[in-house]
Each structure stands twice: as C-alpha cells, then as structure tokens.
Amino acid sequence: MKNATRMEWIKLRSVRSTWWLAIASVVAMAATGVGVGLGYRSHTPVATAAQIFNNSLSGAILAQLLLGAIGVLVVTSEYGTGMIRSTFAAVPRRRTVLAAKVIVGGGAALLTGMTASFAGYLGGQLAITGTAIPSAPLSDAANLRAVVLTGVYLAATALIGVGIGTVVRHSGAAIGILFGLMFVPTIAAGLFGESGIAVGRFVPLLMLLNAIAVTTPTPGLFSGPVSTLLMCGYALALVLFGAVLLRRRDA
Amino acid sequence: MIELRDLTKRYGRQVAVDGLSFRVQPGVVTGFLGPNGSGKSTTMRMILGLDAPDHGQALINGVRYADLPRPLTAVGALLDAGAFHPGRSARAHLSALAASNDLPGSRVEQVLRTVGLSDVAGRRAGTYSLGMRQRLGVAVALLGDPGVLLLDEPVNGLDPEGIRWIRDLLRGLAAEGRTVFVSSHLIAEMALTADRLIVIGRGRLLAETTVAELAAVDDSLEDAFFRLTASATDYHGTEAA
C-alpha cells in the first residue's frame, strides 16, 4: 500500500496537466474573490459582509470542475495511454492501486481545494479594504467553517472524478459525465418549483452555493457539514462501484 | 519458468486462446510464433494477470502472477511500446514503477544506461521515436532484474541496429539462466534469436519445437512456418491482378 501510494504520487506530480489544473483552480477562486470584492466597492447600498463572503467563494463552481478533472485524469489518462497495463503489471492488486489513487488524488485535491478556498476568501476581503463594507473575519466560526468546508467539497469532487474515471475509463466521456452530474441535477431541481428544495438539498452545486460556501445555509437545505458529508458519500459510493468493476474487467 | 495449463480465453463466441498448455524453460530464448490474431498477445496478457482466463491457469515459478509479492522482481514484461503516459519523462515513468515494487532509485539509472536512454531520460516520452519507446519498454522489463522476461513483439518498428541490440540482449539474458519468452510473427527474426519455438494458430498449440528441428525438415524456416500455420490463418489474400 505504501509503495503503491509512492508510485501514484510520482505519477501525479510528473505530468503537467496536474499542475495546470491545480494552479487554474486556485487562480479561478482568487480571481473570483477579487472580482466580487471590486465589483461591490462602489455598490449602493453598501454590501453586507455575508454578500461579499458568499459571493467571493463562488469561484468554487469553476474550481470543482478543474479539480474533478484532476480526479478523472488520475485514472483515465492511464487507460487512454496504455499506462494502466504497466501499473497493473507492477501492482496486480487493482484495488490497492485504486486506494492509492484515492489517497494521493484526494490528498492533493484537499490541499489544492483548501488553498483555492482560502484564496477566494482572501481575494474578496482584500478587495474591499478601505471601504465601508464590513469584513468577515475567520475568527467568526461560521466563516472559517464555510471556507474549510468549501475546500473539503472540492476534494470530494476530485474523488467523484476518480470514481467516474474508474467506471467509465475514457477521459472525454468521464469528464462529460462529471460536468453533467454537476449541472443537470441543478437544472432539474428547478423544475420542481416550490418543492424543488426537497430535491435540491441533495444536489452538489446547490449544496455548494446555498449550504456549504455560505455563512448561513438557506432554510430547507441540510447544514454545511451535513451537505459536505453527503458529497463525500457520493464520492465513496462511486469509488466503491469502480472498485467492484475493476475486479471483473480485463485491463 | 512459465507454465500454462489449459489456458482458454473467449471474447463472446470467439475463442481467442483455446486450451493452451506448455512450459517455457529457463536458460534459452523461447520464441512464441503465430500469425496476426493467433492469440499471442492475449496469452501474454493472461500470464501477467491483465486479462482473466475463462479456463485454466498461467503460472510463473509455480504461482499465479497476482500472487507474486513484488512482481517486477520476478517477471519483466514488454507488452507494447505505448504503455506509458506521453507527458511523463522516461525517468519519472521508471521511478514510479520502481517505487511500486520498492526498488532503489539507482536501478532506474542503471536500466536507463543499459537501454541507452540516459541522455534523454528527462524528456517527455511522447517525444520519443518508436525505437526509443521500445527501449523504454525494455528498460521497464529489466527494472526489477527479473528471472523471467516476457516480450511481445519487441523488434516491431526497430531499425536493424535496434533489432541486433534486442537480439544480443535477449540471448545474453537467457545465457545468464533467465527464462526469456518472446513473441513474434516474423519467423526469420525468431530463427536468429530463439532456440526453442512455440507455434500457435487460432489460439491453439500447433508445435513445440526447436529452430534446428524445423530447419532440418523443411527447405526453409519460412516454408516450415507456413506448413504449420496453413490451416490456422484467418485471412488470405490472392495475387494482385
């Protein structure tokens, strides 16, 4: 297990796409944070602390796709190139390989997601310095919780990517499915009208924007921690499904 | 030693490998011959545990591949020249595989020297020529200093110098007492490299023989190959009109 994890870590850091996607996700969130802050500077009436805070984390909409893509590529790039045969010849216990990918991919995504989340928060706060808009300090537990949970949500997205990648094994198809899962349920929940919230509280993007990356969740949704756990649950289910298929299929 | 017992693989109704049983002994180069589509690659993938047989088993030194604790130290395999990520350098590719079997980093530099890729090891492998890719594949096979080597069409796409290099390398490895199993559809090349031959067609064992025996019976090795595989070739062309 330790050796497989070392292998996966070398593999992850030795391709450029990992770095581009990781950097892009941090930059996307930082830029969104700064953009939100600047946009509200001369806004009347004066923006509230929650407005700045919630919106400054909305770059996570883009970051989740970039980190999800990292997760997908951790698996599908191996099938696309034939590398998977080298990997399974070196470590025939395939579920050990998958577990190592979850540890390494999930760990890297957690670090990146956390960095991105804090970057978005700080970008927003820095951009409103010197204005009448009240700041949202991290000493406030609700704020700190939202920033941290957003980082965890992003890591869970990467693991959802690992799971989809293991099931589908094709980069294009897996990324397409990942994007679909992130957006289609959101639109579908809207179709339910008034009762949409009963469905919406289970939908990733709606959880992110209304329960996780906000100081106070919208009524009717699960709390931030519960929503984040739900995301981790989705990731676990997909990875386990991938693990079952991995055993049966030829490489 | 490699041992196959009634190894069988079906894809739907098509039987790719049909009850193959044979042994590959150490100390000599054993050629694995057969026309295109005869099941050579499928057999090799099953030996490596990449494809699951529908029936029978493939054993290496008496155990299944999946039960080898550090497989790279027992078996080295060259499956195809593309089993790497094109964006990763040869050195990173080898380092990752070395780490998986707890092999020291010094082995990576050693095999890079053996295959002559030391100077370009930092370049992304996708920029390599076909010959360099084959050399990288051979480096992977040698990484764990294994007693058994399995190479699927190693001379494909190599220039004459590369072909001679592979030939000398394989004969040298066999002379050290290793088991060397090399597939090819080129009888002429096998005649120069291998001592023993296993010939299959349509997934079935057609002959277990030696190069010397074949040469004694037929006018040429090519004739011998056609005689053996005549009934087991899927596609026949005619002369151009």
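Please read these numbers as outputs of a predicted model, since none were measured by experiment.

Draft legend 1. Local environment of the overall build of chain A. Within chain A one finds eleven helices and zero strands. Of the regular secondary structure in chain A, the N- to C-terminal order runs α-α-α-α-α-α-α-α-α-α-α. For chain A, whose C-alpha radius of gyration is 19 Å, the value lies close to the compact-globule estimate of 18 Å for 251 residues. Buried positions account for 53% of the 251 residues belonging to chain A. Sequence separation of 24 or more characterises 78% of the internal contacts of chain A that already satisfy a separation of 6 or more.

Draft legend 2. Up close: the sheet that holds strand 8 (residues 196-201) of chain B. Residue and element names in this part refer to chain B. Spatial strand order, 5-6-7-3-8-9: six strands in an open sheet with mixed pairing. Pairing within the sheet leaves two strands with one partner each, and these edge strands are strand 5 (75-78) and strand 9 (204-210). Adjacent strand axes in the sheet meet at a mean angle of 15 degrees when their direction is disregarded.

Draft legend 3. Looking closely at the packing of helix 7 (residues 141-168) of chain A against helix 8 (residues 171-190) of chain A. All names here are of chain A. Helix 8 packs onto helix 7 with a crossing angle of 135 degrees between their chain directions and a minimal axis gap of 9 Å. Here helix 8 runs oblique to helix 7, going by the angle between their axes. For helix 7 against helix 8, the interelement crossing comes out right-handed. Taken together, the residues of helix 8 that come into contact with helix 7 (itself represented by Ile-160, Gly-161, Ile-164, Gly-165 and Val-168) are Ala-173, Ala-174, Ile-177 and Leu-178.

Draft legend 4. Representation of the environment of A:Leu205 within the structure. All names here are of chain A. Its place among the elements puts Leu-205 in helix 10 (residues 204-212). The partly exposed category is assigned to Leu-205, around which 19 C-beta atoms lie within 10 Å. Through-space distance from the C-alpha of Leu-205 to that of Thr-18 is 23 Å; in sequence the pair is 187 residues apart.

Draft legend 5. Highlighting the UniProt feature "transmembrane region" (unreviewed entry) in chain A. Under the feature "transmembrane region" (unreviewed entry), the UniProt entry names residues 20-40, 60-81, 102-124, 144-168, 175-199 and 226-246 of chain A. Helix makes up 100% of residues 102-124 of chain A and strand 0%. Its end C-alpha atoms lie 32 Å apart.

Draft legend 6. View of helix 3 (residues 90-100) of chain B. The buried count for helix 3 of chain B comes to eleven of eleven residues, which makes it a mostly enclosed element. Within helix 3 of chain B, burial applies to B:Ala90, B:Arg91, B:Ala92, B:His93, B:Leu94, B:Ser95, B:Ala96, B:Leu97, B:Ala98, B:Ala99 and B:Ser100. Looking at the buried positions of helix 3 of chain B, the neighbouring elements they touch are helix 1 (2-13) and helix 5 (83-90) of chain A together with helix 2 (71-74), helix 4 (105-115) and helix 5 (130-142) of chain B. At the exit of helix 3 of chain B stands B:Asp102, carrying a positive phi of roughly 55 degrees.

Draft legend 7. Local environment of the sheet that holds strand 1 (residues 2-11) of chain B. Residue and element names in this part refer to chain B. Pairing within the open sheet is antiparallel, and its three strands lie in the order 2-1-4. With partners counted over all chains shown, the strands left at the sheet margins are strand 2 (14-24) and strand 4 (55-60), one partner each. Strand-to-strand twist in this sheet, taken as the mean axis angle between neighbours without regard to direction, amounts to 20 degrees. Examined bridge by bridge, strand 1 and strand 4 share five bridges and lie antiparallel to one another. What sits directly across from Ile-2, in strand 4, is Ile-60.

Draft legend 8. Region of interest: helix 1 of chain A. Look at helix 1 of chain A: 17 Å from first C-alpha to last across twelve residues, which is about the 16 Å you get at 1.5 Å a residue. The set of residues buried in helix 1 of chain A consists of A:Ala4, A:Thr5, A:Met7, A:Glu8, A:Ile10, A:Lys11 and A:Leu12. Where the residues of helix 1 of chain A are buried, they touch helix 2 (16-41), helix 4 (60-81) and helix 6 (94-127) of chain A together with helix 3 of chain B.

Draft legend 9. Representation of the nonpolar core. In terms of nonpolar packing, the biggest core is built from 156 residues, with A:Ile70, B:Ala139, B:Leu143 and B:Leu150 touching the most fellow members. Among the elements that make up this core, the one with the highest residue count is helix 7 of chain A (14 residues). Leaving out residues up to four positions away in the same chain, B:Ala139 has contacts with B:Leu94, B:Val111, B:Leu112, B:Thr114, B:Val115 and B:Leu117.

Draft legend 10. Quick peek at the pairing of strand 5 of chain B. Residues and elements named next belong to chain B. The alternating pattern of strand 5 places Val-75 and Ala-77 on one face and Gly-76 and Leu-78 on the opposite face, and all of these are buried. As paired elements, strand 5 and strand 6 (residues 148-152) share four bridges and run parallel to each other. Note that in strand 6 the partner of Leu-78 across the bridge is Leu-151.

Draft legend 11. Representation of the interface of chain A and chain B in the model. Across the boundary between the two partners, chain A contributes 23 residues, which contact 29 residues of chain B. Broken down by secondary-structure element, the contributors of at least two residues to the side of chain A that touches chain B are helix 1, helix 2, helix 4 and helix 5 of chain A.

Draft legend 12. Quick look at the environment of A:Ala31. Residues and elements named next belong to chain A. Note that Ala-31 resides in helix 2. Using a count of 15 C-beta atoms within 10 Å as the deciding quantity, one classes Ala-31 as partly exposed. For the pair formed by Ala-31 and Gly-59, sequence separation is 28 residues and the distance between their alpha carbons is 7.8 Å.

Draft legend 13. Representation of the environment of A:Gly59 within the structure. Residue and element names in this part refer to chain A. Following the sequence through the fold, Gly-59 ends up in the loop between helix 3 (49-56) and helix 4. Residue Gly-59 is classed as buried on the basis of its 29 C-beta neighbours within 10 Å. Between the C-alpha atoms of Gly-59 and Tyr-121, which are 62 residues apart in sequence, the distance is 9.9 Å.

Draft legend 14. The arrangement of the pairing of strand 3 (residues 29-33) of chain B in detail. Residues and elements named next belong to chain B. A large share of strand 3 lies buried, amounting to five of its five residues. Burial along strand 3 is two-sided: Val-29, Gly-31 and Leu-33 and Thr-30 and Phe-32, pointing in opposite directions, are all buried. Sheet topology places strand 3 next to strand 7 (residues 179-184); five bridges connect them, and they run parallel. Each residue of the ladder has a partner; that of Phe-32, found in strand 7, is Ser-183. Pairing geometry for strand 3 and strand 8, over four bridges, is parallel. Along strand 8, the bridge assignment pairs Phe-32 with Ile-198.

Calculation rules
Residues numbered from 1 in each chain as written. Chains lettered and ligands numbered in written order. Predicted model: local features only at pLDDT ≥ 70, side-chain atom pairs only at ≥ 80, totals over all residues. Helix = DSSP H or I, 4+ residues; strand = E, 2+ residues; numbered from the N terminus. Rg over C-alpha atoms; globule rule 2.2 N^0.38 Å. Buried ≥ 20, exposed ≤ 12 C-beta atoms within 10 Å, placed from the backbone. Contact = placed C-beta atoms within 7 Å. Pairing = 2+ DSSP bridges. Axes fitted to C-alpha atoms, helices over the stretch in contact; angles between N-to-C directions. Parallel < 35°, antiparallel > 145°, perpendicular 65-115°, else oblique. Left-handed = near helix turned anticlockwise from the far one by under 90°. UniProt positions renumbered as here; feature names shortened; annotations may be inferred. Expected span 1.5 Å × (residues − 1). Core = buried A, V, L, I, M, F, W, Y, C linked by C-beta atoms within 7 Å.

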